[in-house]
Amino acid sequence: MTLTAAPTYSTARRWSALGVLSAAVLLLSIDGTVLALAVPSLTESLSPTAEQIIWIGDIYSLALAGLLALMGNLADRLGRKRVLLAGSVLFGLVSLLAAFATSAEQLIAARLLLGVAGATLMPSTLSLIRNLFPDAAERTRAIAVWSAAFGAGSAAGPMIGGFLLEHFWWGSVFLINVPVMVIVVVSGLWLLPESKDPSPGRFDWPSALLSMLTMAPIIYAITHRSVSSLPVLAVGVLAGWLFVRRQRTLSHPMIDVDLFRNPAFSGAVAANVISIFALVGLLFFFSQYLQFARGFTPLQAGLAELPATIASIVVVALVGVAITRLGRGRAIAVSLAVAAAGLALVAPAASSPWYGWLALCLVPVGLGVGLSMTLAGDAIISAAPPRKAGSVSAVTETANELGVVLGIAVLGSLLTSVYRSTLSLPASAPPEASDSLGSALRVLDPSLAQVAKDAFVTAMQTTSLVAAGFTAVAAVVAWRLIPSR
């Protein structure tokens, strides 16, 4: 059985196929951030409880993270194209259900199914790239395009959501999925090759169950960050330990965990996590800063974040030069250092009345994160043979998902903590003003609202410097662990 159809494909057709895969990951990335702006609108329409609002936001990530390893393995067994197209059809159909949900329970169920469908798409896109582009240099450029689509989607989500919510109802943020998935399915049937593992061995159900019991509880515990979530975290850690032990006893493991013994592989995974951590963490508090502290509309805020997005796309042209001049390890380290410098510069620029300085600081952030994501992702999927591309791609996607939740959880918690500690209001001020800047602006008069804005800017500056510190440490780790040859 042929493992890859790339030798029979023209260059134009391979890159057209990459466009289909990039469209899928772009949409998934947008879907992860576009809903946040729609919460007030859907709350007014569906009247969910506070707990239901949490589940509307969380259930997608929990399902996605919990099923990535399983779906990557199934893609290796059943065929990556088949799994990708089936997931695309499901994603489109469930998006319709979510858009026209008439109750919070229906929306939660639809979000759960969207997470299931998303888990089939993410590993399949990257594993198909692994088989479409057997040439290492060409594959690196292809992954640069894929990474740019992922980063662009995260940045574009608030902008697209802001535009839709200014003109349509909250369900429109789900309806945009449908035409894109139609394009992916129709184009994918013709352009994408089929590939699978010709000898996958026996499917191991205990491994599948343990993989889900590892990631979903860990993601839940990170996002909720409470004492009550500690037992859930313990379940995830225990399941992860059992999963690793079992993989080492199987002749055909779901994930070859011994790859993590290789410093280059584990260093690339760590670099990927921290790259996403920095990018998503920045976007999380930066969008609030633009809208609440500077008074931008959601659409204006999305446009204001474009410098980072454009810089991440420029990486496509620079990745070949970076590897040739520096080698993989040094290139990843330098890119992380550039991102750290940009994050550090965001802190003083946030106080400038002219937004242009802040926009310039976003350029090294987007450039550094985009280059690091590309090279680290390439290192991860190149570490295994093409027949295991789906399973190894799941590792990349899991790293991305961990980076997302850690960026929001860690940097978001730090932002809130610093905001509350620096907020100085009279005792007569409403207590909800300390919850967030958005709450403060709703309940405070203009003079006190400026005090809250100043406290938030201070919190943002501190958080940006901490993110820069994490990214700088990752640069040192990449320099020491990832080979440059």
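Being a predicted model, the structure only gives us computed values, none of them experimental.

Participant: I'd like a rundown of the overall build of the protein, residues and numbers included.
Facilitator: A tally of helices and strands in the protein yields 18 helices and zero strands. Since a compact globule built from 485 residues should have a radius of gyration of about 23 Å, the 22 Å found for the protein is in line with a globular shape. With respect to the principal axes defined by its C-alpha atoms, the protein has extents near 75 × 55 × 45 Å. Taking all 485 residues of the protein together, 56% fall into the buried category. Restricting the contact set of the protein to residue pairs at least 6 apart, pairs at least 24 apart contribute 82%. When the accessible surface of the protein is totalled, it reaches about 19200 Å², and 69% of it is carbon and sulfur.

Participant: Describe helix α10 (residues 230-247), with residues and values.
Facilitator: With 18 residues, α10 extends 26 Å from end C-alpha to end C-alpha; this agrees with the ideal 26 Å at 1.5 Å per step. Among the structural elements, α9 (205-224) are those in contact with the buried residues of α10.

Participant: Run through the environment of Ala337, naming residues and quoting values.
Facilitator: Position of Ala337 among the secondary structure elements: in helix α14 (residues 328-349). A relative accessible area of 37% places Ala337 in the partly exposed class. Distance from Ala337 to Val369, taken between C-alpha atoms, is 9.5 Å for residues 32 residues apart in sequence.

Participant: Explain the side chain of Ser372 to me, using residue names and the numbers behind them.
Facilitator: Here Ser372 is to be found in helix α15 (residues 355-381). Once you skip the residues sitting within four places of it in the chain, Ser372 turns out to touch Ala271, Ser275, Ile332, Ser335 and Leu336.

Participant: Quick one: what's the story with a nonpolar patch on the surface, residue by residue and with numbers?
Facilitator: A cluster of nonpolar residues, Val89, Leu93, Leu96, Phe100, Phe163, Phe168 and Trp169, forms a patch on the protein surface that exposes about 690 Å² of accessible area. Looking at the nonpolar patch element by element, the count peaks at three residues for helix α4 (residues 80-99). Following the sequence through the fold, Phe163 ends up in helix α6 (residues 136-167).

Participant: Which residues make up the packing of aromatic side chains, and what are the values?
Facilitator: Following the criterion strictly, the structure yields nine aromatic pairs and no others. Relative to Phe174, the ring of Trp170 has its centre 6.4 Å away and its plane inclined at 90°; by these criteria the two rings are edge-to-face. The exposure class of Phe174 is buried, given its relative accessible area of 1%.

Participant: Can you explain the pattern of salt bridges? Please cite residues and give values.
Facilitator: For the coordinates displayed, the defined rule picks out two salt bridges. When the shortest N-O distance is used, the salt bridge between Glu138 and Arg14 registers 3.1 Å. With Glu138 in helix α6 and Arg14 in helix α1 (residues 11-34), this pair connects stretches of sequence that are 124 residues apart. Just as Glu138 is buried, Arg14 falls in that class too.

Participant: Any chance you could break down the nonpolar core for me, citing the residues and the numbers?
Facilitator: Grouped together as the largest cluster of nonpolar side chains are 136 residues, with contacts concentrated most on Phe91, Leu107, Ile129, Phe174, Phe286 and Tyr289. Beyond its immediate sequence surroundings of up to four residues, Ile129 is in contact with Leu18, Leu21, Arg139, Ala142, Ile143 and Trp146. With eight residues, the next largest nonpolar core counts Leu62, Met215, Ile222 and Val405 among its residues.

Participant: Would you mind going over the packing of α4 against helix α8 (residues 177-191) in detail, with residue names and values included?
Facilitator: Where α4 contacts α8, the two axes come as close as 9 Å, and the packing angle between them is 160°. By the angle class used here, α4 and α8 are roughly antiparallel. Between α4 and α8 lies a crossing whose hand is left-handed. Residues Lys81, Leu85, Ser88, Val89, Phe91, Gly92, Ser95 and Leu96 of α4 touch α8, and the partners they reach there are Asn177, Val178, Met181, Val184, Val185, Gly188 and Leu189. By residue class, the composition of the contact of α4 with α8 is nine nonpolar, five polar and one charged.

Participant: Could you give me a rundown of the environment of Ser172, with the residues and numbers involved?
Facilitator: Looking at where Ser172 falls in the secondary structure, it is placed in helix α7 (residues 172-175). A residue is classified by how much of its surface remains accessible, and Ser172, at 6% relative accessible area, is buried. In the structure, Ser172 is positioned 204 residues away from Ala376 in sequence and 35 Å away in space, judged by C-alpha atoms. Within the local environment of Ser172, its side chain forms a polar contact with the backbone oxygen of Trp169, the two atoms lying 2.7 Å apart.

Participant: Outline the side chain of Lys81, listing residues and values.
Facilitator: By the secondary structure assignment, Lys81 is in helix α4. There is no salt bridge for the buried Lys81, and the closest opposite charge comes from Glu194, which lies 6.6 Å off by N-O distance. Ignoring anything within four residues of it in the chain, the contact list for Lys81 reads Leu128, Gly188, Leu189, Leu192, Pro193 and Glu194.

Reading the values: the criteria
- Residues numbered from 1 in each chain as written.
- Predicted model: local features only at pLDDT ≥ 70, side-chain atom pairs only at ≥ 80, totals over all residues.
- Heavy atoms only, no water.
- Helix = DSSP H or I, 4+ residues; strand = E, 2+ residues; numbered from the N terminus.
- Rg over C-alpha atoms; globule rule 2.2 N^0.38 Å.
- Buried < 20%, exposed > 50% of the residue type's maximum accessible area, 1.4 Å probe, protein only.
- Contact = heavy atoms within 4.5 Å.
- Areas by Shrake-Rupley, 256 points an atom, 1.4 Å probe, with all protein chains shown as cover.
- Expected span 1.5 Å × (residues − 1).
- Patch = residues over 30% accessible without salt bridge, like charges linked within 9 Å, V, L, I, M, F, W, Y side chains within 5 Å.
- Salt bridge = Lys/Arg side-chain N within 4 Å of Asp/Glu carboxyl O.
- Phe/Tyr/Trp six-rings, centres within 6.5 Å; stacked < 30°, edge-to-face > 60°.
- Core = buried A, V, L, I, M, F, W, Y, C linked by side-chain atoms within 4.5 Å.
- Axes fitted to C-alpha atoms, helices over the stretch in contact; angles between N-to-C directions.
- Parallel < 35°, antiparallel > 145°, perpendicular 65-115°, else oblique.
- Left-handed = near helix turned anticlockwise from the far one by under 90°.
- Nonpolar A, V, L, I, M, F, W, Y, C, P; charged D, E, K, R; others polar.
- Polar contact = N/O pair within 3.5 Å; in protein donor to acceptor, adjacent residues only side chain to side chain.
- Lys, Arg positive; Asp, Glu negative; His and termini not counted.

By themselves, these figures tell us nothing about what the structure is for.
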